[in-house]
Amino acid sequence: MSEANAYAALTKAFSGLGVDENLFISTLGRWNCHQRQIYRVSTSGFFKEDERQFQRWDDRHILQLRQEFLRLKDAVVLYTMHPWERDARLFKEALLLKVPQRDVLIETACTRSSEDLLGARKAYHSLFEHSIEENIAHHVKTHERKLLVALVSSYRYEGPRVNEDLAKTEAKLFVNALKDAKKNLIEDEEIVRILSTRSKLHLKAIYSHYKEFTGNFLDEDLDGDLILKQVVQCLCSPQTYFSKILISSLRLDVDETAKDSVTRVIVTRADDDDMKLIKEEFHSKYGTTLAAKIEEVANGSYKDFLLTIIAKSD
């Protein structure tokens, strides 16, 4: 490999999700002092000229690189956890942030089976000596608190029966609620009741009837309320929701929260039928495979780990 190509390859290894450990060993480990000096001078994105005339790391990039070296470790730890513990810890981490990650709370509460959500609630008791419900009520002060508490408390019917007449009636309720410009849907007791108690098959029937009545998809008409949009997608079409997260996060110019989303989505969906549907939706909607996108953006063992996980659903 020429020096110019080696510099470009090393810069990519520093820039993606995860790190290319083999490249660091085979290239960087062999460079002499002069070669490393040239690299520092030619890579202003990572290094900057100090007033005392030497090239020093940008502190922001040192932190970023430390995080990238830890990315594989974090993925492996999350992957080996019992699913109940994993979801409980994700709930907790989402609540500890200055602004709680509502999307993590929603996707975990809305995409798990009734038994798995109950298991996560039990694990939360064991790990943190509080309930998820009381912690959400404590940390979330805004108008969606009631909905979020109701979602994590839910134990939905999972049988095959759907009352189509009732589903039509409740679809009309959504139609009328969305027509009322003065109504704050997320605080509407009937909307909260339906989204937090009805079976997923029943909610999919509502989704279908709403399309019949309006010609529009319910989640598209909820563009003005991101939280309700996410809830409806996670309950009715989780593959759409997760595909959007992945296409938004599998880029080089995203923040740490978005990068963490890649690990979270792939690891937590690894053992579900969701992964196969996510891959199909991703390919259909974005014209490339999820594997190809991971190859493009991720590095090293972290990349290999993600590719191995998603290949299980082939």
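Further up the page is the structure itself.
As the structure is a prediction and not an experimental result, all values here were calculated from the model.

A. Structural view of the overall build of the protein chain. Check the secondary structure of the protein chain and you find 19 helices and two strands. For the protein chain, the spread of C-alpha atoms along the three principal axes comes to 75 × 45 × 40 Å. Burial analysis of the protein chain (314 residues in total) assigns 48% to the buried set. Contacts in the protein chain between residues far apart in sequence, at least 24 positions, make up 67% of those at least 6 positions apart. A total accessible area of about 16100 Å² is found for the protein chain, and carbon and sulfur atoms account for 52% of it. Charged side chains in the protein chain number 46 positive and 50 negative. The centres of these two groups are separated by 1 Å.

B. View of the packing of aromatic side chains. According to the stated counting rule, one finds seven aromatic pairs in the structure shown. When the centroid spacing of 5.6 Å and the interplanar angle of 50° are considered together, the rings of Trp31 and Tyr39 count as tilted. For the pair Trp31 and Tyr39, one class covers both residues: buried. Each ring, one from Phe282 and one from Tyr286, has its centre 5.2 Å from the other, and the planes form 65°; the classification is edge-to-face.

C. Molecular detail of empty space enclosed by the protein. Across all of its chains, the model carries one cavity of 30 Å³ or more by this definition. Here the largest cavity is characterised by a volume of approximately 50 Å³. Around the largest cavity, the lining residues are Phe174, Leu195, Leu203, Ile206, Tyr207, Leu218, Val232, Leu235 and Cys236. Where the lining of the largest cavity is concerned, the elements lending two or more residues are helix 12 (200-214) and helix 14 (226-236). Looking at the lining of the largest cavity residue by residue, the class counts come to nine nonpolar, no polar and no charged.

D. Expanded view of the environment of Ala123. Within the fold, Ala123 resides in helix 7 (residues 114-128). Exposure remark for Ala123: the relative accessible area of 12% places this residue in the buried category. For the pair Ala123 and His82, spaced 41 residues apart in sequence, the C-alpha separation works out to 9.6 Å. With residues up to four places along the chain from it excluded, the contact list for Ala123 reads Trp84, Glu85 and Ala88.

E. Looking closely at the state of the cysteines. Inspection of the entire model under this criterion finds zero disulfides. Just so you know, Cys234 is unpaired, no disulfide at all, and the nearest cysteine sulfur is the one on Cys110, 5.6 Å from it.

F. Fine view of the environment of Asn22. Relative to the helices and strands, Asn22 resides in helix 2 (residues 21-26). Spatially, the C-alpha atoms of Asn22 and Glu281 are 33 Å apart, while their sequence positions differ by 259 residues.

G. Spatial organisation of unusual backbone geometry. Its identity is not glycine, yet Glu129 carries a phi of approximately 55°, on the positive side. Structurally, Glu129 can be placed in the loop between helix 7 and helix 8 (132-139).

H. Just the pattern of salt bridges, in detail. Evaluated as defined, the whole model comprises 24 salt bridges. The salt bridge involving Asp87 is made with Arg112; its shortest N-O contact spans 2.7 Å. A residue pair is termed long-range when its members are at least 10 positions apart, and Asp87 in helix 5 (residues 83-96) and Arg112 in the loop between helix 6 (102-111) and helix 7 qualify at 25 residues. Note on accessibility: Asp87 and Arg112 belong to one class, buried. Residue Glu133 is joined to Arg121 by a salt bridge in which the shortest nitrogen-to-oxygen separation is 3.0 Å. Of this pair, Glu133 sits in helix 8 while Arg121 sits in helix 7, placing them 12 residues apart in sequence.

I. Highlighting helix 4 (residues 59-80). Given a rise of 1.5 Å per residue, 22 residues ought to cover 32 Å, and the 32 Å separating the end C-alpha atoms of helix 4 matches this to within 8%. At Leu70, helix 4 shows its maximal kink, close to 35°. Among all positions in helix 4, only His61, Gln64, Leu65, Glu68, Arg71, Ala75 and Leu78 are buried.

J. Highlighting the nonpolar core. Counting residues in hydrophobic clusters, the biggest one holds 74 residues, and the most contacted among them are Leu195, Ile266 and Ile294. Considering every element that reaches this core, the biggest residue donor is helix 14, with seven residues. Among residues more than four places away in sequence, those in contact with Ile266 are Leu246, Met275, Ile294, Leu306, Ile309 and Ile310. Counting 13 residues, the second largest nonpolar core, distinct from the first, contains Leu10, Phe24, Phe47 and Leu65.

Rules used throughout
- The residue count restarts for each chain, going from 1 along the sequence in the order it is written.
- Two thresholds apply to this predicted model, a pLDDT of at least 70 for residue-level local features and 80 or more for giving and counting side-chain atom pairs, whereas whole-chain, interface and lining totals are computed over all residues.
- Excluded from the side-chain calculations are hydrogens and water; all other atoms, namely the structure's heavy atoms, are used.
- Strands here mean DSSP runs of E at least two residues long; helices mean DSSP runs of H or I at least four residues long; both are numbered from the N terminus.
- Think of it in three bands: residues with accessible area under 20% of the maximum for their type are buried, residues over 50% are exposed, and the middle band is partly exposed, with areas taken using a 1.4 Å probe on protein chains only.
- Working rule for contacts: check all heavy atoms of both residues, and any pair within 4.5 Å makes them a contact.
- Method for areas: the Shrake-Rupley scheme with a 1.4 Å probe, in which residue coverage is limited to the protein chains shown.
- Counting rule applied: Lys, Arg positive; Asp, Glu negative; His and chain ends not counted.
- For charged residues, the charge sits on one atom: NZ in Lys, CZ in Arg, CG in Asp, CD in Glu.
- Each pair of aromatic rings taken from Phe, Tyr and Trp, with Trp reduced to its six-membered ring, is defined by centres within 6.5 Å and is described as stacked if the planes are under 30 degrees apart, edge-to-face if over 60, and tilted in the remaining cases.
- Buriedness of a pocket was judged along seven lines, with at least five required to meet protein on both sides within 12 Å; pockets are open sets of points on a 1 Å grid over the protein atoms alone, cavities are sets where a 1.4 Å probe fits but cannot get out, and lining residues have an atom within 4 Å of a point.
- Grid points are joined across faces, edges and corners, and a volume is the space filled by probe spheres set on the points.
- Three residue categories are used. Nonpolar comprises Ala, Val, Leu, Ile, Met, Phe, Trp, Tyr, Cys and Pro, charged comprises Asp, Glu, Lys and Arg, and polar comprises the others, including Gly.
- The term disulfide is used for any two cysteine sulfur atoms that are within 2.5 Å.
- We define a salt bridge as a contact between a side-chain nitrogen of Lys or Arg and a carboxyl oxygen of Asp or Glu at a distance within 4 Å.
- To estimate how far a helix should extend, the number of its residues minus one is multiplied by 1.5 Å.
- The quantity called bend is, for any residue, the angle between two axes fitted respectively to the seven residues ending at it and the seven beginning at it.
- In plain words, nonpolar cores are sets of buried Ala, Val, Leu, Ile, Met, Phe, Trp, Tyr and Cys residues tied together by side-chain atoms within 4.5 Å.

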